[in-house]
Amino acid sequence: MKRILVPTDFSNLSKAAAYYAIGIARDINAEIILLHTINGGASPNALKNWEKLENSMINAAQNEADTMLSEIKISEGFSNISYSHALGFPIKDVIAQFVLDNEIDLIVMGTTGASGLKKLIGSNTTSVMENSNVPVLVVPQLAHYRHIKEILYASDMHNLSDEIKIVVRLARLFEAHVNVVHGIKDDLDKNVQLLENASIRSDKKDELIRTMDYPNIRLHVFRNESVVALIDQFLGLQQIDLVIMFSGELGFGDKLFQRSETRKLAFHNETPLLIYKKETRK
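Quick caveat: nothing in here was measured; it's all calculated off a predicted structure.

Draft legend 1. How the structure looks around the overall build of the protein. Helix and strand counts for the protein stand at 11 helices and 10 strands. Counting across all 282 residues of the protein, residues that qualify as buried make up 50%. For the protein, contacts bridging at least 24 residues in sequence account for 78% of all contacts bridging at least 6. Surface summary for the protein: the accessible area is close to 13,800 Å², and the carbon and sulfur share equals 48%.

Structure representation (C-alpha cells):
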C-alpha cells in the first residue's frame with residue numbers, strides 16, 4: 001500500500017480525514033494525494049462563460065490547497081503529500097477514474113457521525129464507499145490516529161479463507177492483532193454453530209495462524225442477530241483501532257448494504273471503518 005487518496009472539499013471534515021491519513025502514511029511509508037473534484041458540466045447556454053468560471057474554480061481550489069498543504073507541512077512535518085484536481089460529475093465516477101489512472105491503493109474519507117446520518121445517506125462518502133474497487137477507509141470526524149495495533153474483522157465465516165488473506169496482508173504492515181469476530185444466528189448451518197464450542201474454536205484459530213503464517217490472530221464468537229450490535233458489543237469489551245468489513249458480492253456485505261447496516265456503522269462509530277469489496281485485492 002503505497003499511495004493513499006484523500007478526496008477533499010477543504011472542509012474541516014475532509015481535513016480530519018487527511019490528518020488521519022497522514023498517520024497511516026507515516027507508519028507504512030506511503031504517499032498521500034489530496035483530490036478536489038470540480039463539476040465540469042455546463043449547459044449549452046452557459047458554455048461561453050463556462051471556461052472562465054471553470055478557471056476561476058480551479059484557481060480558488062489551488063489557493064485552498066496551497067493553504068492546506070502549508071498547514072500540514074508546518075503542523076505535521078509531513079511532506080510526502082501532493083494536490084490534484086479533476087473535472088467531472090458525479091464525484092464517485094471522477095474518483096473512480098482518478099484511482100485507476102493513478103494506481104491508488106486506499107481512499108480515505110470523513111464522516112460526521114450519527115447526527116449527520118440522515119443528511120449523509122446518499123452523500124459522496126457513501127456513494128464512493130459503495131462503488132469503489134479499492135478499499136475505502138471511513139474516518140469519523142473526531143477520530144485521531146493512533147498506531148493500529150488491534151483490528152476487528154467482522155466475518156460470516158463463509159468467505160473466511162479469501163478474506164483473511166487480505167486482512168492479514170494489511171495487519172502485517174502494522175504488526176497488528178486480527179480479531180476475527182463472528183455472530184452466530186439460529187438460522188446458520190450446524191458447522192458454523194459448532195464454533196460455539198471452545199475447543200473447536202481454538203482449533204480453527206490455530207488453523208488460521210498456521211495457514212496465514214501469522215501468529216497475531218484471535219477468534220471470537222458471540223450469539224447476536226445484528227452485525228452492528230455485534231461489533232458495538234466487541235468494541236465495548238476491547239479497544240479497537242480499525243474495523244474491517246467486506247461488501248459487494250460476498251453475500252454478508254450485500255445484506256449489510258441492503259439493510260443499511262454498514263452505513264449506520266460507518267456514520268455512528270468512533271472507530272474508523274475499512275470497507276473491502278470482493279474484487280479488491282490490494
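Next comes the rest of the write-up.
Draft legend 2. Representation of the sheet that holds strand β6 (residues 150-154) within the structure. Reading across the sheet, the 10 strands line up as β3-β2-β1-β4-β5-β10-β9-β6-β7-β8 and stay open at both edges, with mixed pairing between neighbours. Both edges of this open sheet fall to β3 (81-87) and β8 (217-223), since each of them pairs with a single strand only. Averaged over all pairs of adjacent strands, the angle between their axes in this sheet comes to 25°, without regard to strand direction. Strand direction decides the pairing type here: strand β9 (residues 242-247) and strand β10 (residues 273-277), joined by five bridges, are parallel. Note on β10: the bridge partner recorded for V243 is L273. In this fold helix α1 (residues 12-28) packs onto β1 (3-7), β2 (31-38), β4 (106-111) and β5 (136-140), with an angle of close to 170° to the strand it touches most, β1.

Conventions adopted
- Residues numbered from 1 in each chain as written.
- Predicted model: local features only at pLDDT ≥ 70, side-chain atom pairs only at ≥ 80, totals over all residues.
- Heavy atoms only, no water.
- Helix = DSSP H or I, 4+ residues; strand = E, 2+ residues; numbered from the N terminus.
- Buried < 20%, exposed > 50% of the residue type's maximum accessible area, 1.4 Å probe, protein only.
- Contact = heavy atoms within 4.5 Å.
- Areas by Shrake-Rupley, 256 points an atom, 1.4 Å probe, with all protein chains shown as cover.
- Pairing = 2+ DSSP bridges.
- Axes fitted to C-alpha atoms, helices over the stretch in contact; angles between N-to-C directions.

Without other data, these values stay purely geometric and don't point to any function.
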